[in-house]
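# Working through the structure, step by step
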There are 2 protein chains.
Amino acid sequence: MHDKVEAMKKLRAALIERRVDDDIVDLLLLINSIKGVHTTSSCSGRIGIMETPEIGAKPKARWLLKEHRTITYEEVLESLKNVREGLILFKVQSPIFHVVCENLKIARRVHYYGMESGFKYTNYRALSDSGRILVEINGTENISVPLGIDGKLLVDEKYIRFLVDVGNQVLMRGKRKLERLRESFKRLKSELGDDPNFSRYDLKSY
Amino acid sequence: MHDKVEAMKKLRAALIERRVDDDIVDLLLLINSIKGVHTTSSCSGRIGIMETPEIGAKPKARWLLKEHRTITYEEVLESLKNVREGLILFKVQSPIFHVVCENLKIARRVHYYGMESGFKYTNYRALSDSGRILVEINGTENISVPLGIDGKLLVDEKYIRFLVDVGNQVLMRGKRKLERLRESFKRLKSELGDDPNFSRYDLKSY
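Below, the structure is looked at part by part. Since we're looking at a predicted model, the values are computed, not measured.

This part is about the overall build of chain A. Broken down by element type, chain A carries 5 helices and 9 strands. Taken from N to C terminus, the helices and strands of chain A fall in the order α-α-β-β-β-α-β-β-α-β-β-β-β-α. Overall size of chain A, expressed as C-alpha extent along the three principal axes, is 55 × 35 × 30 Å. A buried classification covers 54% of the 206 residues belonging to chain A. For chain A, restricting intrachain contacts to residue pairs at least 6 apart in sequence, the fraction spanning at least 24 positions comes to 72%. Here chain A has roughly 9800 Å² of accessible surface; of this, 50% comes from carbon and sulfur atoms. Distance from the positive charge centre (36 side chains) to the negative charge centre (29 side chains) of chain A: 3 Å.

In structure tokens, the structure reads:
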């Protein structure tokens, strides 16, 4: 696990290049302003269409549509013009945060607040020799729907409209928990205090 | 986290009542024969049809079909006769094992072997005050497909046949990793040694 200085350099670069999901910029700044914790990778929750050789084969997957907001039937239809080969999947993924904690005590507080904010797949992802612990805040708002294979769709317009509707609801159910998570991290900040070096990371201006 | 004596009483009762998935009985006996580790809940991977008020609302979900082996189109059709209300979901879930480890060193070995056997969602689920750690061995072989709502299906026979085929493949991809996991726990047993109390749990005869 990288240390905070290194992680904050990467976050700063990502903010400058606008690679951070808009709806969690404030939350990431809040988390990183707390003493003893910092974020690595994170996602505000997403929805879209993917082509993949098989389910779970992450590295070979190709997104045809990927948005961090609700999508429309027309956007799905447009993206499906680009299908080539492999399994065509409609996907929704919960918001996810990787939070590195300096020690066990802090990690257990972050885990507690993740669960309490409704992210029921929150877990300890890695325990390092240095005593640092990586907490993954993750939810159950995930769906993965095979729509067809090798360029051929096996569902009709009515079903896709239904699925877009269900998918958008699932996406928003995950995103609504972000507000609770923000309140939780405010409480954590009052428990753990400010990171005295936060201003040095120069994150605020982007 | 319960201690091993208590957990083994529960496992013994589950074995007697045949509530343990057949294809992992041997593996559970192997894991529990190792010094310093024991299992709590586990599942060998399953596939089926569920009705739920909304996605992720676990406690209110109702299974219409749930099998730990591949299923047929006819079984799905039969189960769909019992739909009533809520979202109708086709589900596949990876094998999952909850392994309580006596200390950090053991937990890290179990985590390593879980990942190495292909269970890529393996994580530390809980860290207790006693120093015990709950490792969750879990895979990425999960799908969750809305088929319709409030008794009304929005997919046709052709799609359901396709989905049963994809689902069975995903199920078996998860189950094939059980053999690698068994080999991994054999290695762990040679590292950590036998639990000298194993015969007292009286698990072998069922």
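Take the pattern of salt bridges next. All names here are of chain A. Under the counting rule described, the total for this entry stands at 37 salt bridges over all chains. Close ionic contact of Arg69 with Glu67 constitutes a salt bridge, the shortest N to O distance being 3.5 Å. A relative accessible area of 37% means that Arg69 is categorised as partly exposed. Across the pair Arg161 and Glu157 runs a salt bridge whose closest N-O atoms are separated by 2.8 Å.

With that settled, the discussion passes to the pairing of strand E5 (residues 96-101) of chain B. All names here are of chain B. Of all 6 residues in E5, 5 are buried; the element is thus mostly enclosed. Strand direction decides the pairing type here: strand E1 (residues 37-43) and E5, joined by 5 bridges, are antiparallel. Opposite Cys43, over in E5, you have Ile96 as the bridge partner. Here E5 pairs with strand E7 (residues 133-138) via 6 bridges, running antiparallel. When the sheet's bridge partners are listed, Ile96 is paired in E7 with Asn138.

Let's shift gears to the relation of the copies chain B and chain A. Least-squares fitting of chain B to chain A yields an RMSD of 0.0 Å, with the superposition described by an axial translation of 0.0 Å and a rotation of 180°. The operation mapping one copy onto its partner corresponds to a two-fold rotation axis. Comparing interface residues between copies, 100% of those in chain B also sit at the interface in chain A, which points to an isologous, same-surface contact.

Residues and elements named next belong to chain B. With respect to the element layout, Glu51 can be found in strand E2 (residues 46-52). Exposure remark for Glu51: the relative accessible area of 3% places this residue in the buried category. There is a polar contact of 3.2 Å between the side chain of Glu51 and the backbone nitrogen of Glu85. Sequence-distant contacts of Glu51, defined by excluding residues within four places in its chain, comprise Lys60, Ala61, Arg62, Leu64, Asn82, Val83, Arg84, Glu85, Leu87 and Ile88.

Basis of the calculations
Each chain carries its own residue numbering, running from 1 in the written order of its sequence. To label them, take the chains in the order written and letter them from A, then take the ligands in the order written and number them from 1. With pLDDT at 70 or above as the cut-off, local features in this predicted model cover only qualifying residues; side-chain atom pairs require 80 or more to be listed or tallied, and sums for whole chains, interfaces and linings still use all residues. Excluding hydrogens and water, the side-chain values take into account all heavy atoms of the structure. Each helix is a run of DSSP H or I of at least 4 residues and each strand a run of E of at least 2, with the numbering of both proceeding from the N terminus. Burial classes follow relative accessibility: with a 1.4 Å probe on protein chains only, a residue under 20% of its type's maximum area counts as buried, one over 50% as exposed, and anything between as partly exposed. Contacts are residue-level and defined by heavy atoms, with any inter-residue pair within 4.5 Å sufficient. A 1.4 Å probe and the Shrake-Rupley method give the accessible areas. Residues count as covered only by the protein chains that appear here. Only four residue types enter the tally: Lys and Arg on the positive side, Asp and Glu on the negative side, with His and both chain ends excluded. In this description, the location of a charge corresponds to atom NZ of lysine, CZ of arginine, CG of aspartate or CD of glutamate. A pair is scored as a salt bridge if a Lys or Arg side-chain nitrogen falls within 4 Å of a carboxyl oxygen belonging to Asp or Glu. Strands are treated as partners if at least two bridges between them are detected by DSSP. Fitting of the copies onto one another was done by least squares over C-alpha atoms, counting residues only where both copies have pLDDT of at least 70. N or O atoms closer than or at 3.5 Å make up a polar contact, with two conditions inside protein: a donor-capable atom paired with an acceptor-capable one, and, for residues adjacent in sequence, both atoms drawn from side chains.

By themselves, these are just geometric observations and shouldn't be taken as functional.
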